[in-house]
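# Observations on the model geometry
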Amino acid sequence: MSVAVPIPRRVATAVGRRSLTPGRIALHAFLIAVCAAWLFPLLWAIFTSLRPISDTAHHGYLSWPSQLDFTNYINVWSQANLPYYYANTLYIVVPGVILTLLISSMLAFAISQFSWRFNVIVLMLFTAGNLLPQQAIIVPLYWIYLNTPIPEFFNGFPSDNGLLYDQYIGVILIHVVFQTGFATFVLSNYMKTITKEITESALVDGANVLRIWWSVILPLCRPALAALATLLFTFMFNDFFWALILMKSGDKRPITSALNNLHGAFFTNYNLLAAGSMLAAIPPIIVFVLLQKHFVRGLTLGATKG
C-alpha cells in the first residue's frame, strides 16, 4: 500500500522558480526555433504540393493560395507512373537490406564471439569504409561497372548489354558494400553484450558455427536487426546518387531518381514535384511506424548493463 508524501511548499516553490529561470527559457526558445527550422522545409513542401500550379504562377510562391486540393497528387500518381517506380525501388531495397543484414551479422558474429588475431583490424577496416565519401570513388567505380560482365540470369530487360552497368544487381551490390560496414559496427557492439559462454556451450554440444549463428545468435539479436532493417531501408530507399550514376535507363530507376523525370526541358512544375516527393516519402514512414517499437528497443538494449 503506497502512501502519498506531501511536498513542502518551500520545495515546490523552489522547483517552480527554477523552471522559470532565464537560462531555461532561452533553452526552450532555442529548441523551439531549431524544431521550426527543421520542420519548415517539410511543411513548405506539403503546402506547395497542395497548391495548383496556376495559382502559384499567378500569385507567386509567397502568397496564400485561393484553394488547396489534392490535384497534384492525383496527377503525379498517374502521369509519373509511381506504382511502377515503387516496384523498382523494392527490387533494389528488399534484397539489399536482406543481404546487408546477413553479411554484417556473420561478420559481427565472428568478430564479437571469437578471439582471433585480426578481428579488431577487420572491424576497423569495415568501420573506416564508412568514412570514405561516395563521390571519391565514382570515377573508377563507373569504369568497373562499364567493363564487368554479369551472368545472363541478371539480364531482366531485352535491352541489357550483359554488363554490371544499368542493372538492378549493380545498384544492390553498391548499397550492400557501403552499408555493411555500418551494420557490422552496430551488430558487433550489440553481440558483445551476449556472453561467449552461449557460443562455447553450443560448440561443446556439437553445433557448427553456422548453426550457432543462425539458431542461437540471430534470435537474440532480433531487436538490433529490426532497428538496423529500419535504418537500412530508409538509407537505400532515399538514395538518389547511385541509381542516377549507375543506371541510364529511366524505366529501371527507383522512385527517388525517377522523380528527376518530372523536370522539363523548359519548365518544371515544382508543385507536381513536391507532391511526388511527398508520395515517395510514404513507404519509409510506414516502415518506421510499423517497426518503431523494435527500433527503439534495439537502440536502447545493450546500452546499460545490470
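Definitions and cut-offs
- Each chain has its residues counted from 1, running along the sequence as written.
- Reporting in this predicted model follows two pLDDT cut-offs: at least 70 for local features of residues, and 80 or more for side-chain atom pairs to be given and counted; totals over whole chains, interfaces and linings ignore these cut-offs and use all residues.
- Only heavy atoms go into the side-chain values, all of them from the structure, while hydrogens and water stay out.
- Using a 1 Å grid laid over the protein atoms alone, points where a 1.4 Å probe fits but cannot get out form a cavity; open sets with protein on both sides within 12 Å along at least 5 of 7 lines form a pocket; any residue with an atom within 4 Å of a point counts as lining.
- Grid points are joined across faces, edges and corners, and a volume is the space filled by probe spheres set on the points.
- Counting from the N terminus, the helices are the DSSP runs of H or I reaching at least four residues and the strands are the DSSP runs of E reaching at least two.
- As used in this record, nonpolar core signifies buried Ala, Val, Leu, Ile, Met, Phe, Trp, Tyr and Cys residues forming a set joined through side-chain atoms within 4.5 Å.
- Each residue is placed in one exposure class: buried if its accessible area under a 1.4 Å probe, protein chains only, is under 20% of its type's maximum, exposed if it is over 50%, and partly exposed if it falls in between.
- Contacts are assigned to residue pairs that have any heavy atoms within 4.5 Å of one another.
- Salt bridges are defined by distance alone: a side-chain nitrogen of Lys or Arg within 4 Å of a carboxyl oxygen of Asp or Glu.

### Side note on empty space enclosed by the protein
- If you walk through the whole model with that rule in mind, you get one cavity of 30 Å³ or more.
- When its volume is computed, the largest cavity comes out at roughly 50 Å³.
- Contributing to the lining of the largest cavity are Thr89, Ile92, Val93, Val171, His175, Met236, Phe237, Asp239, Ala243, Pro254 and Thr256.
- Elements represented by at least two residues in the lining of the largest cavity include exactly helix 5 (82–113), helix 8 (168–191) and helix 11 (222–237).
- At three residues, helix 5 tops the list of elements feeding residues into the lining of the largest cavity.

### Focus: the nonpolar core
- Formed by 42 residues in total, the largest nonpolar core has its most connected members in Val76, Leu82, Val97, Leu101, Ile217, Cys221 and Ile255.
- Sorting the residues of this core by element identifies helix 4 (71–79), helix 5, helix 8, helix 10 (209–220), helix 11, helix 13 (255–258) and helix 14 (270–280) as the ones contributing at least two each.
- With residues up to four places along the chain from it excluded, the contact list for isoleucine 255 reads Leu82, Tyr85, Tyr86, Thr89, Phe237 and Ala280.
- Core analysis: the next-biggest nonpolar cluster, separate from the first, contains 11 residues, Leu164, Tyr165, Ile169 and Phe178 among them.

### What about the pattern of salt bridges?
- Under the defined criterion, the tally for this structure stands at two salt bridges.
- Between lysine 252 and aspartate 166 there is a salt bridge; the shortest N-O distance is 3.8 Å. One end of the pair, lysine 252, is in the loop between helix 12 (241–246) and helix 13; the other, aspartate 166, is in the loop between helix 7 (138–146) and helix 8, with 86 residues separating them in the sequence.

The quantities given are spatial measurements derived from coordinates; they are silent on function.
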